[in-house]
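# Residue-level structural notes
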Amino acid sequence: MIKKTIALLLAFACLHTHAQRITYNFNSNWKVFVGDTAAASAPSFNDAAWRPVTLPWAWNEDDAFKKDIKDLTTGIAWYRKHFRLPATAKGQKVFLEFEGIRQAGDFYLNGQHLGLQENGVTAFGFDITAYLNYSDSDNVLSVRIDNSWEYHERATKTKFQWEDKNFNANYGGINKNVYLHITGKTYQTLPLFTTLGTTGVYIYANQFNIKQGTATIHTESEIKNEDDKPQTLQYEVTITDADGKPVKTFTGDKTTLAPGSTTIVQAASVVNELHFWSWGYGYLYTVQTILKINGKPVDVVTTKTGFRKTEFKNGMIYLNDRVIMVHGYAQRTSNEWPAIGLSVPAWLSDYSNHLMVESNGNLVRWMHITPWKQDIESCDRVGLMEAMPAGDAEKDITGTRWEQRKAVMRDAIIYNRNNPSIIFFESGNESISEEHMKEMKAIRDQYDLHGGRAIGSREMLDSKVAEYGGEMLYTNKSAHIPLWAMEYSRDEGSRKFWDDYTPPYHKDGDGPLYNNQNAAVYNRNMESHAVENVKRWFEFWNERPGTGARVSAGGVNIVFAETNTHHRGAENYRRSGEVDALRIIKQNFYANQVMWDGWVNPEKYRIHIIGHWNYANGVKKDIYVVSSAAKVELKVNGRSLGFGQKSDGFLFTFKNVEWKPGSIAATGYDEQGKQLCETAINTVGEPAALRLTNVKRPVPFMADGHDLSLVEVEVVDAKGNRCPTALHMVNFTMDGPAEWRGGMAQGPDNYILAKSLPVENGVNRVLIRSTTTAGKITIKATAEGLQPATLTLTSLPFEEKNGLAASLPSASLPCRLERGPTPLTPSYAITRTPVAIVKATAGAHADSAFTSYDDNELSDWVNDGKLSTAWIEYELEREATVSEITLKLNNFRSRAYPLIITVDGKEVFTGSTKPTLGYYTIVCKPQKGKKVRIQLAMLLKEEGGEQMVEVSGKKLDDGVARDDSKAKGTLSIIEAEIYEPLKQ
């Protein structure tokens, strides 16, 4: 009997030594109190009256889009959770992982202080093993959170730079997911550096052969032995594809680890028949890194990741050996929704982020602070490249605040380095010093040397350290590191306003002053906003790969979805988006979709008519069509109006088109008249009914107290067509186990949480949150004069026990693969041949003439202000037929320069440049020669030019730091490029 007992005890001990890792969803069964009560840290505190919630949940979520960012509610809130651990957890290691909070929190378990987290951005965690109760005893986790705008780090008394009322919407509390991990005492660590000092698992690939589909996959795991004896470990790796099919199993060396010690174990293998992660092709593998003792697994970490090859050279970005020009969005990291804030379920993150891909965006530049893990993993699944910042406001800083930023970058890199969608690490929202850039690069090299990610910052145009850069609004070009515009087209416009001829007849640009200045460009309608987007994008695309040795790497448009952050227009939130706050599509979405359907050049011909076709009799207006075709024909009820006037590469204008009920159709052709694409809009009938639709979701509606359904309401005609000019007030009722979160529209408090709100342009949406009770939910919508609509939703039971759930927040969400793998064909065609300049002389300051062709946009050549010296002459590397000259001139936004250009003394151009966002190409009479002379033809007249100051009062860039805007005889060239035609 004694022998049997000993055998059972040994077997039990062995079971615990070899226990498998378990990760639980820790979001259920929290309680919240808004206010401060010090007694709440005690486990015996009575929280029965507190509000029950499911995380992630911001306690001030009701403010989202109701209040201006600067007025979002702040203060102290307490979060508490009662939970019990399974019996198998005793004798194991137990960790908590928080994806993030806002702003700072003190954490207590069973009355013991676990620690403090303050930066309000990064993930963190605690080893709670020593503080736990077992044997079916209750554990109480208490968290005191302070989301004050003025919170200062306790140890340093320093405010974090990114606690900013312009861009960092303040949704307070535990606003991101929480997990509980149970592991054996010999285990792979978590990637939570600041609080645990550990780095976790690192997976990367190299030695790619894209055409053959092979690469070498490397894994590294930091492992700890917290047992009381040495452990001899075998490290094993298994890779499974997206269909669950085993792909490869390989092993590393055996390792003996002493008690209390930590080491890194590694393994690598060539893997064949790989699907490479790509734009719009979010192909992910499941990689399991396994620790074995005596042949038995003791710890298994599962990582979803993808493999892709990147390069950053020749001024271009290469993804899987194919050049890709950046076109996408600078989106606020909060990425918020009305009455919810950022704390949405994972499926809704996928819905929102995939819309960027549907618009043919390929990169999102999250702004100022690192996004939460849910958005990063979402971009992995939908195939959307990311630029990941650390934490910043504007410009460089020093001292404690710089050390804070470095710490955030370090933690964010460690936490997110297995996510293939991250392509850029952003060290600052604006230029930083070379010394600081070196420090950031050293952090990248220490923790993610092999991840294929460029590190840089906005600006950094002449940096010798940064691996990418680019200004905010303007066209930059480079022959070396990629330069791309990081937040162009900052204009704002409401989804409610189609144009000047549509109810409610808001005239384009009308709105209040901002800082006592005209704010017309921040009060656009959808038509003018879309047209402006076309004009802005064309400036970058015109300097695309294939146009020379120096090229633009693209640009991202600010923002994608309306955001509860800094604004300049009539509303109290930013309306620069391609979709509104409920992700209803606006017209500039379609404009981008047309222009961006390709990696560099459009690869699928598209066409879109901006607007609708429901006007009053007698209306005549300009019609705008966006197309990647060479020519566009417009027809009204089958009658041709001829071909549109083409401008800005993709825009076709048809003047004074008279509205007639029926249809308007546009057809795109190539230069030879071959039809490439077509589209049409029909006149819709009178409003007849409401229609309710549950926006399609890939996973069931779960009764977990956090899940949301997005319900669309439309005003439709008798045939079921949406009425594009309808503005009806809709009244909702809801029955069943759900919480009404509502929608938004122009009006009092933006109709946040209201049960009655209007459609805008015939459509609106509302959010319905589940409770923890499953069942049927009935939503009814009524409006005066319209047939009502009813929709039934069903929430399914969510399984959790003792505060723990096995189902993780992003479980079962599919990878989006619609665009397919990276094409093996070239993404662009060479359009002209650059001819190198070898030297230059000039009428004045000849010693600095080289700065006008040095591939550095922060340097320029300028004469001495006399017309007689306003010339420069370039000697070419060889005799060439000069056909085009591309110039970046100082004051490029505001001035036109009358020039005379000769080649070997023969005049090839007389005329004026035009203001641009950077570069202007002069088409010359083709002339063979070796010397190109550019001279100012006459004294410059002072011109109004474009506005040089934003409504914020900030002076916009217009060239180099020196301002020549009022100089009469000054010629200043920042960059000059000489081209000849392609040889036939």
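Refer to the preceding data block for the structure.
In this text, all values refer to a predicted model and were calculated from it rather than measured experimentally.

The four strands are arranged β34-β33-β37-β38 in an open sheet whose pairing can be described as antiparallel. Edge positions in the open sheet fall to β34 (639-643) and β38 (675-682), since each of these has one partner strand only. In this sheet, adjacent strand axes meet at a mean angle of 20 degrees when their direction is disregarded. Of the pairings in the sheet, the one linking strand β33 (residues 631-636) to β34 comprises three bridges and is antiparallel in character. Bridge pairing links Glu-633 to Phe-643 in β34.

The two faces of strand β22 (residues 316-319) match: Met-316 and Tyr-318 on one face and Ile-317 and Leu-319 on the other face are all buried. Sheet topology places strand β21 (residues 310-313) next to β22; four bridges connect them, and they run antiparallel. Within the sheet, the bridge partner assigned to Phe-312 lies in β22 and is Ile-317. In this antiparallel pair of consecutive strands, β21 and β22, the connection spans two residues, and Asn-314 shows a positive phi of 55 degrees. What sits between β22 and strand β23 (residues 322-323) in their antiparallel hairpin is a turn of two residues, with Asn-320 showing a positive phi close to 55 degrees.

What follows is about the pattern of salt bridges. This structure, assessed with the given rule, holds 68 salt bridges. Between Asp-36 and Arg-144 there is a salt bridge; the shortest N-O distance is 2.8 Å. Taken together, the residues span a long stretch of sequence, with Asp-36 in the loop between β2 (30-34) and β3 (51-53) and Arg-144 in strand β9 (residues 139-146) at a distance of 108 residues. Since its relative accessible area comes to 46%, Asp-36 is described here as partly exposed. A salt bridge links Arg-550 to Glu-857, with the nearest nitrogen and oxygen atoms 3.5 Å apart. Linking Arg-550 in the loop between α7 (526-541) and β30 (554-558) with Glu-857 in the loop between β49 (837-842) and β50 (861-862), this pair joins segments that are 307 residues apart in sequence. By relative accessible area, Arg-550 is classed as buried at 8%. What you see here is one network of salt bridges that share partners, running through Lys-477, Glu-543, Arg-550, Asp-855, Glu-857, Lys-888, Glu-975 and Glu-977.

The rules we used
- Residues numbered from 1 in each chain as written.
- Predicted model: local features only at pLDDT ≥ 70, side-chain atom pairs only at ≥ 80, totals over all residues.
- Heavy atoms only, no water.
- Pairing = 2+ DSSP bridges.
- Helix = DSSP H or I, 4+ residues; strand = E, 2+ residues; numbered from the N terminus.
- Axes fitted to C-alpha atoms, helices over the stretch in contact; angles between N-to-C directions.
- Buried < 20%, exposed > 50% of the residue type's maximum accessible area, 1.4 Å probe, protein only.
- Salt bridge = Lys/Arg side-chain N within 4 Å of Asp/Glu carboxyl O.

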